[in-house]
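Geometric and topological summary
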Amino acid sequence: MPRDDVAHLSSDGAPTAPVSLIGRLLTLLLQGMPLIFGIGFIAPLMTQLLDRALPGAAQAEWPLVAGLAIGGSWGAVANLTGRWL
Amino acid sequence: MSVSATVHEHDLSELSSQQLLRLERSIAEQFMGGLPWGSIVWAFTNLAVWLSLWPLTLSGVLPLWAAAPIATLNVILSYLPSHEAQHRIIAREGERLFWLNEVVGHLSPVPLGLPYQAARLTHYEHHKHANDLELDPDINTRADSGWHMVVKDIGMQLQTVPKTNIAYANALERLGTEDARRAGATLLAYALVTNALLFGFAWAGYALEVAAIVWLPRIVGGLYIRFFLSWAPHHPALAVGRYRDTRGFRSRLGNILTMGMQYHVIHHLYPRMPLMRHPAAFRALRPILVARGCRLDGI
């Protein structure tokens, strides 16, 4: 029997509703959302800001690296602390 | 003879509570019904302006400094037409124009990113349990003053999962109906699709553009909506009951910039009365509201 179909037991032994694979994936996705948002949105936002703010940066690779570093680390910290600031 | 004159002719103190309620209902009845064309036109015009910002901004025709405030205004204006639909003010189920009610309900809050059914079900919970610490999904806007509300709200929105969102999810879970489960799933799907769109446009090189059209306006507009549609009309949000949970107030911004919320007390008494009739209904019902001990701060 696939694991997804097995009814789960809560800590007090009472049966709880089985959690589907989609449910588990969604939970993982939501738990990691700040990190995903950091990489998915803050990183390209920072990259574009640097490209526009600094003349000559548009052709270079470093704004992308900096954007990913800022977005990724900001998202990771938010993921750990539960706050964006 | 005006409705107001009718009320003044009665010595309200001589009426029993039931007689007062009957008089109140007979006056309110005169402001009910009819198609709220203003709200319908408002819904579609606002959505059309917001949608037009996408090609105009992404193509560079409209600068970001102009797009952001327009989009913020669109977000602020997007909620109330849907609110009219949530209360079936445009048309009730089974009526000829119910489809229009639902179209307005679904489409109007798109700039805000709020799915209609989740908004409707949680809003009904707000009406049923206004100011209840446990059961009112909007209770998180309660604060000692306007500034306190702003600071508290910014603090909440900086949480990765804001308390306001948790309250809405909890309300849907508490309802436990099939409708509520579907609304919860739609809420989740809406959030995921919105983020996917945001990420897609951002990595395609339009991060600043979507920040100006979607991300920033939702932050600023959301605060404005929670301030004027939730905090202000329910402040201090300490009492419950038909004549206690909502107040009338006078704002320095006036009725239009507060989106009619100075008269929100009328909405909680008669949720199916169209928004644009609230000022006139308030003037007609004011003596009764005073007799009932409603809080009317300067209005």
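This structure is a prediction, so every number in the text was calculated from the model and none was measured. Throughout, a residue's number is its position along its own chain's written sequence, starting from 1. Chains and ligands are labelled by the order in which they are written, letters from A for the one and numbers from 1 for the other. Given that this is a predicted model, residues contribute local features only at a pLDDT of at least 70 and side-chain atom pairs are listed and counted only at 80 or more, while totals for whole chains, interfaces and linings are drawn from all residues.

Residue and element names in this part refer to chain A. Elements are defined by DSSP. Helices are runs of H or I of four residues or more, strands are runs of E of two residues or more, and each kind is numbered from the N terminus. Considering the arrangement of structural elements, one finds Ala-57 in the loop between α2 (33-53) and α3 (62-81). Considered as a pair, Ala-57 and Thr-47 are ten residues apart in the sequence and their alpha carbons are 9.4 Å apart. Not counting residues up to four positions away in its chain, the partners in contact with Ala-57 are Leu-50, Asp-51 and Pro-63. For the purpose of contact definition, each residue receives a C-beta atom placed from its backbone, and two residues are in contact when these atoms lie within 7 Å.

Moving on: the interface of chain A and chain B. Many structure descriptions define interface size as the accessible area lost when the parts assemble. Contacts between the two partners involve twelve residues from chain A, matched on the other side by eleven residues from chain B. Residues are grouped as follows: Ala, Val, Leu, Ile, Met, Phe, Trp, Tyr, Cys and Pro are nonpolar; Asp, Glu, Lys and Arg are charged; every other residue, Gly included, is polar. Looking at side-chain class alone, the side of chain A that touches chain B contains eight nonpolar, three polar and one charged residues.

On to the domain arrangement of chain B, then. All names here are of chain B. Domain ranges listed in this record stem from an automatic or a database domain assignment. What the domain assignment reports for chain B is domain 1 (1-30 + 247-299) and domain 2 (36-107 + 114-238). When each unit is reduced to the centre of its C-alpha atoms, the spacing between domain 1 and domain 2 is 27 Å. Residue composition of the side of domain 1 that touches domain 2, grouped by class: seven nonpolar, three polar and two charged.

This paragraph deals with the packing of α2 of chain A against α3 of chain A. Residues and elements named next belong to chain A. One can describe the packing of α2 onto α3 by two numbers: an axis separation of 7 Å at closest approach and a directional angle of 145°. For α2 against α3, the interelement crossing comes out right-handed. A per-class count over the contact of α2 with α3 returns 17 nonpolar, seven polar and one charged. Between N-to-C directions, angles cover 0 to 180 degrees, with each direction set by a line fitted to C-alpha atoms, over the stretch in contact for helices. Here is the rule for handedness: rotate from the far helix to the near one, and if that takes an anticlockwise turn smaller than a right angle the crossing is left-handed, while a clockwise turn gives right-handed.

We now examine the nonpolar core. Note on soluble globular proteins: their nonpolar side chains tend to be buried together. To form a nonpolar core, buried Ala, Val, Leu, Ile, Met, Phe, Trp, Tyr and Cys residues must be joined through C-beta atoms within 7 Å. Residue burial here comes from a neighbour count, namely the number of other C-beta atoms, placed from the backbone, that lie within 10 Å of the residue's own C-beta, with 20 or more meaning buried, 12 or fewer meaning exposed, and in between meaning partly exposed. Core analysis: the largest hydrophobic core is formed by 58 residues, its most contacted members being Leu-45 of chain A together with Ala-71 and Val-210 of chain B. Elements that contribute at least two residues to this core include exactly α2 and α3 of chain A together with α3 (37-58), α4 (64-86), α6 (116-128), α8 (163-175) and α9 (178-234) of chain B. Top contributing element to this core by residue count: α9 of chain B, with 17 residues. Not counting residues up to four positions away in its chain, the partners in contact with Val-210 of chain B are Leu-198, Phe-201, Ala-202 and Trp-215 of chain B. Listed in part, the 13 residues of the second largest apolar core include Ala-28, Leu-269, Tyr-270 and Leu-285 of chain B.

For the rest of this paragraph, the subject is unusual backbone geometry. All names here are of chain B. Following His-235, the chain continues to Pro-236 via a peptide bond in cis, the omega torsion being 5°. Assignment of secondary structure puts Pro-236 in the loop between α9 and β1 (248-249). At Arg-88, a position not held by glycine, the phi torsion is positive, near 55°. Structurally, Arg-88 can be placed in the loop between α4 and α5 (98-107). A residue is classified by how many C-beta atoms lie within 10 Å of it, and Arg-88, with 17 of them, is partly exposed. Its identity as a non-glycine residue notwithstanding, Met-259 has a phi of 55°, on the positive side. Structurally, Met-259 can be placed in the loop between α10 (254-257) and α11 (264-269).

On to the environment of Ala-185 of chain B, then. All names here are of chain B. Relative to the elements of secondary structure, Ala-185 occurs in helix α9. Its 15 C-beta neighbours within 10 Å are what place Ala-185 among the partly exposed residues. For the pair formed by Ala-185 and Arg-22, sequence separation is 163 residues and the distance between their alpha carbons is 42 Å.

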